[in-house]
Amino acid sequence: MGCTDTPGYNHPPCPACPLGAGSFRSPDRGCYTDVALPLYENLNIVEQPVNLSGLAGKYAEKAAQFIQQASTSGRPFLLYMGLAHMHVPLSVTQSSANPGSQRPYRAALQEMDHLVGQIKDKVDHTAKENTFLWFTGDNGPWAQKCELAGSVGPFTGLWQTHQGGSPTKQTTWEGGHRVPALAYWPGHVPANVTSMALLSVLDIFPTAVALAGASLPQDRHFDGLDVSEVLLGRSQKGHRVLFHPNSGAAGAYGDLQTVRLEQYKAFYITGGARACDGSIGLEQHHPLPLTFNLQDDAAENKPLYRRGAEYQAVVPQVEKALKAVLQDIANDNTSRADYTQDPSVTPCCNPYRIACRCQTS
């Protein structure tokens, strides 16, 4: 994250961007004031630091313009909007909510709901018959942000909470990786239907390509699936296996040590992220994976008995799937790049000003 001139709500609070020489960085607090938070349109920075209190209005205006222009021209379009909601710092436009009567998270959620509704309404008035909307998130609540984090619902990761720490963002528990998803396309996507098919954000790209009538390159392997049949209500077949990369709480970041096999989830490593009270859960390794049946235990409370028939039947399949994907990765042409120390990749529209400050829109 970067700094802004209107820091909004955070826990603990972060300072505004500096106006003079000197910078401040506190990784423990998640505060970074040496680079201002940018707002991108395509590959261009249009505002740095972004004004969070006016961001929802900018989103709505730009989306409406883009959809209208595409509809008028008759050309197909793809609009991707990476909303700042519901990440800290939370900031709500004064005209759209009354901070004095609502808590910040609720007000920000209401603002996002209204924003998404505006985009949907624009589509309905211009290209309803042939426009597909897909809404989803990238991770669960960030528990250390306390009342600014949101709720995990029934995905409480009780086994981990008993060990300490949080089973939310930065972990591979359901509270960290399971996210809501909504699909909308009148006349094509059935209304008021909930699917239990196992999908992933990795599926967005191949599905969008398929719905557009195009095809994927054949010289590479894609982890995502075309799940259009699921979204159109013609199938309940999603992924049989998904892999949850370590996300910061335990193990090497990005390593695959948690496996989802149908309704089962197997952990070769566990650990709790920092909770609201500051506690963390110690990293634990499980050579015999800790395995849950999510169909019966969405709260991930009681792992399967290791000597039981169900465990004995599932774990060999988990091990086979994990071995296969690790071999697939090893055989692929992959590269690793560390951009953290490369100043050329720092988002900065004016390197000659404090915190890269500029206003171009």
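For the structure given in this document, a descriptive report is provided here. Please read these numbers as outputs of a predicted model, since none were measured by experiment. (Residues numbered from 1 in each chain as written. Predicted model: local features only at pLDDT ≥ 70, side-chain atom pairs only at ≥ 80, totals over all residues. Heavy atoms only, no water.)

**Details of the overall build of the protein chain**
Short version of the rule: Secondary structure elements follow DSSP: runs of H or I of four or more residues count as helices, runs of E of two or more count as strands, with numbering from the N terminus. The atom set for the radius of gyration is the C-alpha atoms, and the globule formula is 2.2 Å times the number of residues raised to the power 0.38. The Shrake-Rupley method, run with a 1.4 Å probe, gives the accessible areas here. Residue values count only the displayed protein chains as cover. Positive residues here are Lys and Arg, negative ones are Asp and Glu, while His and the chain termini are left out of the count. A charge is said to be at NZ when it belongs to Lys, at CZ for Arg, at CG for Asp and at CD for Glu.
Secondary structure summary: the protein chain contains seven helices and eleven strands in total. Relative to a compact globule of 361 residues, whose C-alpha radius of gyration would be 21 Å, the protein chain shows 22 Å and is just as compact. If you line up the protein chain on its principal axes, its C-alpha atoms span 65 × 50 × 50 Å. Here the protein chain displays about 21300 Å² of accessible surface, and carbon together with sulfur accounts for 53% of that area. The distance from the centre of the 28 positive side-chain charges to the centre of the 32 negative ones in the protein chain is 2 Å.

**A few points about the pattern of salt bridges**
For clarity, the threshold we go by: Salt-bridge detection follows one rule: a side-chain nitrogen of Lys or Arg within 4 Å of a carboxyl oxygen of Asp or Glu.
One pass over the full model with this rule turns up ten salt bridges. Its salt-bridge partner being K265, residue E174 comes within 2.7 Å of it at the nearest N-O pair. Linking E174 in helix α4 (residues 174-177) with K265 in strand β9 (residues 264-270), this pair joins segments that are 91 residues apart in sequence. For the salt bridge of K265 with E300, the shortest nitrogen-to-oxygen distance reads 3.3 Å. Taken as a pair, K265 in strand β9 and E300 in the loop between β10 (284-293) and α7 (309-331) lie far apart in primary sequence, 35 residues in all.

**Observations regarding the pairing of β9**
On a regular strand, one side chain projects to one face of the sheet and the next to the other, so that they alternate. Basically, it comes down to this: Here the term buried applies to any residue with accessible area under 20% of the maximum for its type, exposed to any over 50%, and partly exposed to those in between, with areas from a 1.4 Å probe on protein chains only. Two strands are counted as paired when DSSP detects at least two bridges linking them.
For β9, the buried fraction is high: seven of the seven residues fall into the buried class. As paired strands, strand β8 (residues 256-261) and β9 are joined by four bridges and run antiparallel to one another. Within β9, the position partnered with V259 by the bridge is A266. Connecting the antiparallel pair β8 and β9 is a turn made up of two residues, with E262 showing a positive phi of about 55°. Relative to β10, β9 is paired through six bridges, and the arrangement is antiparallel.

**Overview of the side chain of T168**
Rules: We define a polar contact as two N or O atoms separated by no more than 3.5 Å, with the added condition that, inside protein, one atom must be a possible hydrogen donor and the other a possible acceptor, whereas residues neighbouring each other in sequence contribute only through side-chain atom pairs. Whether two residues are in contact is decided by their heavy atoms: any pair within 4.5 Å suffices.
Here T168 lies in the loop between α3 (158-163) and α4. Judged by relative accessible area, T168 falls into the buried class, the value being 6%. Within the structure, the side chain of T168 is placed 3.3 Å from the backbone oxygen of P141, a separation counted as a polar contact. In this view, T168 contacts P141, A143, V152, G175 and G176; residues no more than four positions away in its chain are not counted.

**Notes on a nonpolar patch on the surface**
The test is simple: Patches here are clusters of residues that have more than 30% relative accessible area and form no salt bridge, with a 9 Å joining cutoff for like charges and a 5 Å cutoff for nonpolar side chains (Val, Leu, Ile, Met, Phe, Trp, Tyr).
On the surface, V201, L202 and I204 cluster together into a nonpolar patch covering about 240 Å² of accessible area. Inspection of the secondary structure assignment puts V201 in the loop between β6 (181-184) and α5 (204-211).

**What to know about the state of the cysteines**
Worth spelling out the cut-off: In plain terms, two cysteine sulfur atoms within 2.5 Å form what is called a disulfide here.
Under the criterion given, the structure shown has five disulfides. In this model C3 forms its disulfide with C17; the gap between the sulfur atoms is 2.1 Å. Measuring the twist about the S-S bond at about 105°, one finds the C3-C17 disulfide to be right-handed. Note that C3 is positioned in the segment before β1 (25-26) and C17 in the segment before β1, a separation of 14 residues in sequence. Each of the two residues, C3 as well as C17, counts as buried.

**Comments concerning the packing of aromatic side chains**
So the rule is basically this: The aromatic pairing rule takes the rings of Phe, Tyr and Trp, using the six-membered ring of Trp, and pairs them if the centres are within 6.5 Å, calling planes under 30 degrees apart stacked, those over 60 edge-to-face and the rest tilted. Only lysine NZ and arginine CZ atoms are considered, and such an atom sits over a ring when it is within 6 Å of the ring centre and within 35 degrees of the ring normal.
Summed over the entire model, instances satisfying the criterion amount to eight aromatic pairs. When the ring centre of W142 is taken as origin, the NZ or CZ atom of K169, which lies over that ring, is 4.1 Å away.

**Describing the nonpolar core**
Selection rule: Buried Ala, Val, Leu, Ile, Met, Phe, Trp, Tyr and Cys residues form a nonpolar core when they are joined through side-chain atoms within 4.5 Å.
In this structure, V241, V259, L261, Y268, V314, V318 and L322 are the most contacted members of the largest nonpolar core, which totals 15 residues. At the level of elements, β8, β9 and α7 are the ones that each hand at least two residues to this core. With seven residues, the top contributor of residues to this core is α7. Every residue in contact with L322, bar those within four places of it in the chain, is listed here: F243, L256, V259 and Y268. Of all hydrophobic cores here, the second largest spans 13 residues; its members include L55, Y59, I119 and L133.

**Some thoughts on α7**
Since the α-helix turns once every 3.6 residues, residues separated by three or four places project in the same direction. To keep it simple, the criterion reads: For a helix, the expected span equals 1.5 Å multiplied by the number of residues minus one.
Between its terminal C-alpha atoms α7 stretches 34 Å, which fits the 33 Å expected from 23 residues at 1.5 Å a residue. Every buried residue belonging to α7 is among Y311, V314, V315, V318, A321, L322 and V325, and all of these are buried. Considering only its buried residues, α7 is in contact with β7 (241-245), β8, β9 and β10.

**Here we look at the sheet that holds strand β11 (residues 358-359)**
Whenever strands of a sheet pair, they do so through backbone hydrogen bonds, lying parallel or antiparallel. What the three strands build is an open sheet, ordered β3-β4-β11; its pairing is antiparallel. Where the open sheet ends on each side, the last strands, each with one partner, are β3 (39-41) and β11. The sheet contact formed by β3 and strand β4 (residues 44-48) spans three bridges and is antiparallel. Bridged to L39 within β4 is E47.

**Describing the environment of W142**
With respect to the secondary-structure elements, W142 resides in the loop between β5 (133-136) and α3. Residue classification places W142 among the buried residues on the basis of a relative accessible area of 16%. Between the C-alpha atoms of W142 and A275, which are 133 residues apart in sequence, the distance is 8.4 Å. Setting aside residues no more than four positions away along its own chain, W142 makes contact with H87, V88, A149, K169 and Q170.

Everything listed here is a matter of geometry and, on its own, says nothing about what the molecule does.
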